[in-house]
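Each chain, written out:
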2 protein chains.
Amino acid sequence: MAEKKSSKRARRPLTEIRQDNIDQILKAAERQFAETGFPGTTVAAIADAAGLPKPNVLYYFKSKEGLYRAVLKRILELWMEAMHDLSPDQHPREALRDYIVRKIRQSRDYPDASKIFAAEILHGAPYVREELEGPLKVQFDDTVEVIRAWIAKGWMDPVSPEHLLFTLWAATQSYADFGLQMRVLLERDELRDDDFDNGIELLTRLVLKGCGVKIV
Amino acid sequence: MAEKKSSKRARRPLTEIRQDNIDQILKAAERQFAETGFPGTTVAAIADAAGLPKPNVLYYFKSKEGLYRAVLKRILELWMEAMHDLSPDQHPREALRDYIVRKIRQSRDYPDASKIFAAEILHGAPYVREELEGPLKVQFDDTVEVIRAWIAKGWMDPVSPEHLLFTLWAATQSYADFGLQMRVLLERDELRDDDFDNGIELLTRLVLKGCGVKIV
DNA sequence: CCACCTTTTGACCACCTGGTCAAAAGGTGG
DNA sequence: CCACCTTTTGACCAGGTGGTCAAAAGGTGG
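Just so you know, these numbers come straight off a predicted model, no measurement behind them.

What counts as what
- Residues numbered from 1 in each chain as written.
- Chains lettered and ligands numbered in written order.
- Predicted model: local features only at pLDDT ≥ 70, side-chain atom pairs only at ≥ 80, totals over all residues.
- Heavy atoms only, no water.
- Salt bridge = Lys/Arg side-chain N within 4 Å of Asp/Glu carboxyl O.
- Helix = DSSP H or I, 4+ residues; strand = E, 2+ residues; numbered from the N terminus.
- Buried < 20%, exposed > 50% of the residue type's maximum accessible area, 1.4 Å probe, protein only.
- Contact = heavy atoms within 4.5 Å.
- Buried area = accessible area lost by both parts, 1.4 Å probe.
- Polar contact = N/O pair within 3.5 Å; in protein donor to acceptor, adjacent residues only side chain to side chain.
- Nonpolar A, V, L, I, M, F, W, Y, C, P; charged D, E, K, R; others polar.

Student: Could you give an account of the pattern of salt bridges, naming the residues involved and the relevant values?
Tutor: The tally for this structure, following the rule as stated, stands at 28 salt bridges over all chains. Between Arg74(A) and Glu30(A) there is a salt bridge, with its nearest N and O atoms 3.5 Å apart. In this pair, Arg74(A) is assigned in helix H4 (residues 64-83) and Glu30(A) in helix H1 (residues 14-40), connecting sequence segments 44 residues apart. You can call Arg74(A) partly exposed: its relative accessible area is 39%. Glu30(A) gets classed as buried once you look at its relative accessible area, which sits at 16%. A salt bridge links Asp141(B) to Lys137(B); the shortest N-O distance between them is 2.8 Å. Of this pair, Asp141(B) and Lys137(B) both sit in helix H7 (residues 129-152), four residues apart, which is roughly one turn of the helix. When its relative accessible area of 31% is taken as the criterion, Asp141(B) is described as partly exposed. Here the salt bridges share partners, and the residues they tie into one network are Arg108(A), Asp109(A) and Asp193(A).

Here's what the structure looks like:
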């Protein structure tokens, strides 16, 4: 407890103060937006959660929308990253399992990011339409091709690559987006690591066995 | 074009007027809430969409929240209905396939209902917590038992019934909730019937083959 | 046709929201 | 220590929101 992390007394250089405040605000904003959505979140609530007065938040981010866009940008990078690493040379046995593990871990570690993204799509993607049509589409097409290649090599059954991806996304992201429902139905206060592991196991089984990928 | 559907001139009995207006309002509200969420939807917008002045909407539903609750109630009934009809005597081969078909059809036919429900869960289920913990939990437990019975009879592999249901829900509902994303990635203006059919086919395959349910 | 109930509607309001501003406080570099 | 820049903050505001109200219009039953 050498020093308070809050802004009380602590002679800090401006650059550090700035970075620190921006981080605090982004963090608080991400949680608030995830909890109550964009229109349901008030700048005052974000400011409170970040421990700053409201005008201070508007000082760093010129508008609520600007702040939301900044949050979204962060999230999208994270999101795109997880789709990487499906290469046609890899065998689907490992590639798909790893992909499922990665995506479910993401749901466990960044549930707010997933929720904000889900709400965004749900409500017509008013702020991420471009990214959907641009970078994400490219990633998607590439990944579809990888799966096609696997099928061509006889490594898996000829299933629709597009819908396989949709199902993978839906199933893995639901561990974040519908985590509340799962908690209620499983009678848990919080999802546990073995809940996520069970999800991984089931989904891996469905996909590998269901697509006729040889396990050994 | 015998008569305008709007309220212009048409000597209609009060009871009919009442039912008609309530229906219009609920319909308009469902669409608006699905599009922009509860906080993002304005009573004025609902009134406009229903072709009525704002105070008229508040005349039938005492508050925005009351209207939202009414919309939710409708949706929940629809939602619970689809979980029915999994009986332990039925063979999972038909039962699961039918279930998938039913749920994806629901996503196709009532996307707004699915979206509202999804947003509700996403944001902490402030208005449906009770239903989750009550009726839905009961349904869930029953369904889990049915799947357990199938496993006990050796009709399918011993997989986690809970997570199987989570995956089924996620995958089927995503055809409504993430329909926009699918449309963008598939380069469609609207999802077509064969898109839904492909989803049904893939998911059925994953589940039946993946869970070791004998196809014949 | 008339007293009575339901529905419609324009005007209105208290409140909250995002955003502004200017002055004060704090940090910086010479 | 001082001129200068960045950050903080209380006071403030215009616009939009959910909701009210009272009066008018429309339907109903005898």
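Student: Tell me about the interface of chain A and chain B, residues and numbers included.
Tutor: Listed by partner, the interface residues are 58 residues for chain A and 58 residues for chain B. Buried area between chain A and chain B, both sides added, is near 4800 Å², and the carbon and sulfur share of it is 73%. Of all residues in chain A, Leu122(A), His163(A) and Leu185(A) give up the largest surface area on contact with chain B, accounting jointly for 15% of the area buried on that side. Run the count over chain A and chain B and you get six salt bridges. Salt-bridge contacts for Arg205(A) lead to Asp157(B); the nearest nitrogen and oxygen are separated by 2.7 Å. The interface formed by chain A and chain B holds 10 residue pairs in polar contact (both at pLDDT 80 or more) in total. Counting residues per element, the side of chain A that touches chain B draws most heavily on helix H8 (residues 161-177) of chain A, at 12 residues. Taken together, the residues of the side of chain A that touches chain B break down into 31 nonpolar, 15 polar and 12 charged.

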